[in-house]
Amino acid sequence: MMVARGWLRPGKILPAVRLPAGDGGMVGLDDWRGRRNLVLLLTHPPGCAGCETALRALAGAAPALAAEAAVTLAVVPGPAAAAGRWRERLGLPFPVVAD
């Protein structure tokens, strides 16, 4: 799902979309609505060094985020299998979905 530039702003409620996860399942933004705060990271395709740095930082921050009732979801352009391989290679404790 591509979103027009400028539409996504802090505090904006995102639509209830479901995206394919690297593990073969589907993940929806509304899976956490009303239960958890969601840290949403939109990345470049797998292999982007800056994105890998951000993903590793969020993985390291997972305990602190959990203390704030927050979870991370990374959205990666490309096929779900590539998103899954990236998640495995980096050892990420949160879902990585494809868009």
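Above: the structure in question.
Quick caveat, the model's predicted, so the values are computed rather than measured. (Residues numbered from 1 in each chain as written. Predicted model: local features only at pLDDT ≥ 70, side-chain atom pairs only at ≥ 80, totals over all residues. Heavy atoms only, no water.)

## Here's the deal with the overall build of the protein
If you tally the helices and strands in the protein, you get three helices and five strands. Put simply, the protein runs from its N terminus to its C terminus through helices and strands in the order β-β-β-α-α-β-α-β. For 99 residues, the compact-globule formula gives about 13 Å, and the C-alpha radius of gyration of the protein, at 13 Å, lands near that figure. Put simply, 55% of the contacts in the protein that link residues at least 6 apart link residues at least 24 apart. Of the accessible surface of the protein, which amounts to about 5900 Å², a share of 60% is contributed by carbon and sulfur atoms. Treating the 11 positive side-chain charges of the protein as one cloud and the 7 negative ones as another, the clouds have centres 5 Å apart. (Helix = DSSP H or I, 4+ residues; strand = E, 2+ residues; numbered from the N terminus. Rg over C-alpha atoms; globule rule 2.2 N^0.38 Å. Contact = heavy atoms within 4.5 Å. Areas by Shrake-Rupley, 256 points an atom, 1.4 Å probe, with all protein chains shown as cover. Lys, Arg positive; Asp, Glu negative; His and termini not counted. Charge placed at Lys NZ, Arg CZ, Asp CG, Glu CD.)

## A closer look at the pattern of salt bridges
Applying the stated criterion to the full structure yields four salt bridges. For the salt bridge of E52 with R89, the shortest nitrogen-to-oxygen distance reads 2.4 Å. In this pair, E52 sits in helix α1 (residues 49-60) while R89 sits in helix α3 (residues 80-90), placing the two residues 37 residues apart along the sequence. According to the relative accessible area criterion, E52 is buried, its value standing at 11%. Connected through salt bridges with shared partners, the residues R18, D30 and D31 form a single ionic network. (Salt bridge = Lys/Arg side-chain N within 4 Å of Asp/Glu carboxyl O. Buried < 20%, exposed > 50% of the residue type's maximum accessible area, 1.4 Å probe, protein only.)

## Some points on the environment of H44
With respect to the element layout, H44 can be found in the loop between β3 (37-42) and α1. Sequence-wise, H44 and G60 are 16 residues apart; in three dimensions their C-alpha atoms are separated by 20 Å. The residues contacting H44, other than those within four sequence positions of it, are C51, V76, P77 and W86.

## Details of α1
An α-helical segment advances 3.6 residues per turn. Residues three or four places apart therefore align on the same side. Taking 1.5 Å of rise per residue, 12 residues should cover 16 Å, and α1 covers 17 Å from first to last C-alpha, within 8% of that figure. Listed in full, the buried residues belonging to α1 are C51, E52, L55 and L58. For α1, the buried positions fall inside an angular range of 125 degrees around the axis, keeping them on one side. Projecting away from the buried face of α1 at angles above 90 degrees are the exposed residues A49, T53 and G60. In the core, the buried residues of α1 are packed alongside β3, α2 (62-67), β4 (70-76) and α3. (Expected span 1.5 Å × (residues − 1). Arc of directions from axis to C-beta.)

## Notes on the state of the cysteines
In total, this model carries zero disulfides according to the counting rule given. Cysteine C48 remains unbridged, with the sulfur of C51 as its closest cysteine sulfur at 3.1 Å. Of the residues examined, C48 reaches a relative accessible area of 22% and is grouped as partly exposed. According to the relative accessible area criterion, C51 is buried, its value standing at 9%. (Disulfide = S-S within 2.5 Å.)

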